[in-house]
Amino acid sequence: MTSQQAASASIEANNETSLRTLPFGDTQDFADAERGFVAALTPGVVKNAGGEVVWSSDAFAFLDGECPPTVHPSLWRQSKLCAMQGLYEVTDGIYQIRGLDLSNMTLVEGDTGVIVIDPLISVETAAAGLALYREHRGDRPVTGVIYTHSHIDHFGGVKGVTTQDDVDAGRCPVIAPVGFAEHAVEENVYAGTAMARRAAYMYGAALPPGPLGSVGAGLGPTTSTGQPTLITPTISIDHTGQTVTVDGVAIEFQMTPGTEAPSEMNFYFPDRRALCMAENATHTLHNLLTLRGALVRDPHVWSKYLTEAINRYASRSDVVFASHHWPTWDTERLTEYLSIQRDLYGYLHDQTLRALNKGATGIEIAEDIQLPPALENSWSTHGYYGSVSHNVKAIYQRYMGWFDGNPANLWQHTPVESARRHLEFMGGADEAVTKARKSYADGDFRWVAQVLNYVIFADPGNTEAKALQADTLEQLGYGSENGTWRNFFLMGAYELRNGSVGTPTVTAAPDIMAALSAEQVFDAIALRVDGPRAWSARIALDWKIKDTGTVHRALLRNGVLVHFDVEGDLAPADATFTLTEADLHAALLGGADLSQMIGDGRVAVEGDPAALAELVGYLDAPDPDFAIVTP
């Protein structure tokens, strides 16, 4: 393995400047993060049933030391805060498990048991967190689960805290915002392969924790690697002001769709004077468009929902907590904290729109925009997870799309063809690398990365360019205040030196796949049709689903898999399959042998089953190992 480099003089100087100029004398966040500490998980390691480590808080123990030159001091500070782990009391009857996954798990004590909010990513970490709580608060049964929103770090560990049997029996209601199931499965299935591959960069999957590698993702240390699960919600929240009582605990909900997730909600505990802000107010500037990919979020409505939360709940609250980071106490302080967060998203939205209406492009606005002093001086606005730069570009994309309006950029060459032409104009690869070395020595790493990218895409075998590019991305990582930017830069350097790590994380877990509706099953299949190969095919298949009594037709024509519920008389299908919804999932997405299922009598077929084999022949498979820093 190629050795990593030390921080360059220019990066070290920039980091030292940040150490001198940022308000490190403000230690309120550390006081808040330490408040209410009960006990830590010791040792801070969680393993799966096979003995494999799926989480290690102990791996981040190095953060107890002084900030090294290879880490931005502001990111080091944030990472220290995020790495604090254990059981914490938020207020009377409300506890949090922090630092045992990317997210927090909150536990609210009721009359007979405990309500779990956001049970982490993995069964193993959620179970470890619940066990830590029970060790210090008693063996209380789980009498309810709340998913704040539709991202996997807020529901994946649910089977570590309850069971499907308890939910089905009504002993443990599962509450989520309306639309939760649809958005949860779509994000992890439709573009799941590409998102998971890029998530490996975002969370630094191959980076060893340490001053030269992963120091955290800004929102939390990193993601656990255990088994994600899903239990479908039994209660949907569909309007602000809706109140549900669970195990004697009254909860008032505020709907916030289109903010940090398409399906999300805040909620208030009137008897505890406590407000949960889900992931809509955390101690960082959040993402409007994550580096792993997602739908662009709406900062305009995000800001408006924060205003609504302030007006409805702040004056009645003594503490505000969220699904990441640490709480803020005292009515006046929490109101200002929420107001700063509100102003942050509103300012970015409005100023980006002001600039684009004067003709500026996203990349220009991102380079020029400055936050007001009151926002800049608050630690909670710093771009540890989102960033001003990529959020402004996301706002531009939301309104204007990918095209910046310049016709010269309307029909550019592909990266490889563009790179070849750039190199020819530069005088060839050798000349470009020579000049890049001078720029590297000058500390102009952004330009070096751009130039060497041309060399690598035009000549993927150029080992000199790849080695220098790895060193360059490494320096950019060392200088980044943003945890996910650091991980992207350092992962790029890692893969240039060592080859692809593929996609270590699994998002399309069995429980998530099982939650797909029949409509979504066929949506997922349609995304795999090789259009050109299927241009001339015409295949009609009917699927009679015994559970629901519906008939769903899948029609392949013109390279498109059209599908719909059958109503009225249609031309006969080439084949009709009668089966349960579970067997539909197993046969089409679960890898089960349909011929065996037919032979066993689980599936009945009329017509020509070879038509299905023909359709399957037009499908291709996604590539979880696609190249990122090479063509």
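Structure first, text after, so check above.
These numbers were taken from a predicted model, which means no experiment stands behind them.

Chemist: Go over the overall build of the protein with me, naming the residues and quoting the values.
Modeler: Along the backbone of the protein there are 22 helices and 21 strands. By the compact-globule yardstick of 25 Å for 631 residues, the protein fits well, its C-alpha radius of gyration being 26 Å. Counting only C-alpha atoms and orienting by the principal axes, one finds that the protein spans roughly 75 × 70 × 55 Å. Residue burial in the protein is summarised as follows: out of 631 residues, 53% are buried. Of the contacts formed within the protein by residues at least 6 apart in sequence, a portion of 73% connects residues at least 24 apart. Taken as a whole, the protein presents about 26000 Å² of accessible surface, with 52% of it coming from carbon and sulfur.

Chemist: Can you lay out the environment of Gly502 for me, pointing to particular residues and giving the numbers?
Modeler: With respect to the helices and strands, Gly502 occurs in the loop between helix H17 (483-498) and helix H18 (510-514). The class of Gly502 is buried, set by a relative accessible area of 9%. Distance in space between the C-alpha atoms of Gly502 and Asp625 is 4.3 Å, their sequence separation being 123 residues. Not counting the four nearest positions on each side in its chain, Gly502 is found in contact with Arg197, Ala200, Glu495, Pro624 and Asp625.

Chemist: Please give an account of the pattern of salt bridges that cites residues and values.
Modeler: Here the idea is simple: oppositely charged side chains can pair when their charged atoms come close. Enumeration over the complete set of coordinates arrives at 24 salt bridges. With its nearest N and O atoms 2.8 Å apart, the salt bridge here joins Arg312 to Glu252. Here Arg312 is found in helix H8 (residues 299-313), whereas its partner Glu252 is found in strand E12 (residues 249-255), with 60 residues between them in sequence. Judged by relative accessible area, Arg312 falls into the partly exposed class, the value being 30%. The class for Glu252 is buried, based on a relative accessible area of 14%. For Glu367, the salt bridge identified is with Arg446, shortest N-O distance 3.0 Å. One end of the pair, Glu367, is in helix H10 (residues 362-368); the other, Arg446, is in helix H15 (residues 445-458), and 79 residues separate them in sequence. In this structure Arg446 comes out as exposed when scored by relative accessible area, which is 57%. What you see here is one network of salt bridges that share partners, running through Glu109, Arg137 and Arg140.

Chemist: With reference to specific residues and values, describe helix H14 (residues 429-441).
Modeler: Between its first and last C-alpha, H14 extends 18 Å over 13 residues, near the 18 Å set by a 1.5 Å rise per residue. Gly443 occupies a position one or two residues after H14 and carries a positive phi of about 85°.

Chemist: Let's hear about the packing of H14 against H15: which residues, and what values?
Modeler: In contact at an axis separation of 9 Å, H14 and H15 are set at 165° when each is read in the N-to-C sense. By the angle class used here, H14 and H15 are roughly antiparallel. For the element pair H14 and H15, the recorded crossing hand is left-handed. On the side of H14, the interface is formed by Ala429, Ala432, Val433, Ala436, Ser439 and Tyr440, while H15 contributes Phe445, Trp447, Val448, Val451, Leu452 and Val455.

Chemist: Outline the sheet that holds strand E10 (residues 235-237), supporting the account with residue identities and numerical values.
Modeler: Ordered by their spatial adjacency, 8 strands build an open sheet running E1-E4-E5-E6-E7-E8-E9-E10, and the pairing between neighbours is mixed. With partners counted over all chains shown, the strands left at the sheet margins are strand E1 (37-39) and E10, one partner each. Here the average twist between neighbouring strands, direction ignored, is 25°. In terms of strand pairing, strand E7 (residues 114-117) meets strand E8 (residues 142-146) through 4 bridges, oriented parallel. Paired with Val116 across the bridge in E8 is Val145. Against the sheet, helix H4 (residues 123-137) engages E1, strand E4 (86-91), strand E5 (94-98), strand E6 (105-109), E7 and E8, with an angle of about 35° to E6.

Chemist: Got a sec to walk through the nonpolar core? Specific residues and values, please.
Modeler: Soluble, globular proteins show a tendency: their nonpolar side chains are buried together. Membership of the largest hydrophobic core comes to 69 residues, with the highest contact counts inside it found for Val145, Tyr147, Leu541, Trp543, Leu556 and Phe577. If you look at the next biggest cluster of nonpolar residues, it comprises 34 residues, including Leu289, Leu338, Leu356 and Ile365.

Chemist: Residues and numbers for the environment of Pro631, please.
Modeler: Position of Pro631 relative to the elements: it lies in the segment after helix H22 (610-617). With a relative accessible area of 44%, Pro631 lands in the partly exposed category. Remark: the alpha-carbon pair of Pro631 and Phe457, spanning 174 residues in sequence, is separated by 5.4 Å. If we ignore the near neighbours within four places in the chain, the residues touching Pro631 are Val416, Ile456, Phe457 and Pro460.

Chemist: Which residues make up the environment of Glu124, and what values do they have?
Modeler: Considering the arrangement of structural elements, one finds Glu124 in helix H4. Residue class for Glu124 comes out buried when judged on its relative accessible area of 17%. Placed 288 residues apart in sequence, Glu124 and Gln412 show a C-alpha to C-alpha distance of 48 Å. Look past the residues within four positions of Glu124 in its chain and what remains in contact with it is Val46, Lys47, Asn48, Val54, Gly226 and Gln227. Polar contacts involving the side chain of Glu124 include one to the main-chain amide nitrogen of Gln227, which spans 2.9 Å.

Chemist: Which residues make up the side chain of His349, and what values do they have?
Modeler: Position of His349 among the secondary structure elements: in helix H9 (residues 331-356). If sequence neighbours within four positions are ignored, His349 has contacts with Pro299, His300, Ile395 and Tyr399.

Cut-off values and rules
Residues numbered from 1 in each chain as written. Predicted model: local features only at pLDDT ≥ 70, side-chain atom pairs only at ≥ 80, totals over all residues. Heavy atoms only, no water. Helix = DSSP H or I, 4+ residues; strand = E, 2+ residues; numbered from the N terminus. Rg over C-alpha atoms; globule rule 2.2 N^0.38 Å. Buried < 20%, exposed > 50% of the residue type's maximum accessible area, 1.4 Å probe, protein only. Contact = heavy atoms within 4.5 Å. Areas by Shrake-Rupley, 256 points an atom, 1.4 Å probe, with all protein chains shown as cover. Salt bridge = Lys/Arg side-chain N within 4 Å of Asp/Glu carboxyl O. Expected span 1.5 Å × (residues − 1). Axes fitted to C-alpha atoms, helices over the stretch in contact; angles between N-to-C directions. Parallel < 35°, antiparallel > 145°, perpendicular 65-115°, else oblique. Left-handed = near helix turned anticlockwise from the far one by under 90°. Pairing = 2+ DSSP bridges. Core = buried A, V, L, I, M, F, W, Y, C linked by side-chain atoms within 4.5 Å. Polar contact = N/O pair within 3.5 Å; in protein donor to acceptor, adjacent residues only side chain to side chain.

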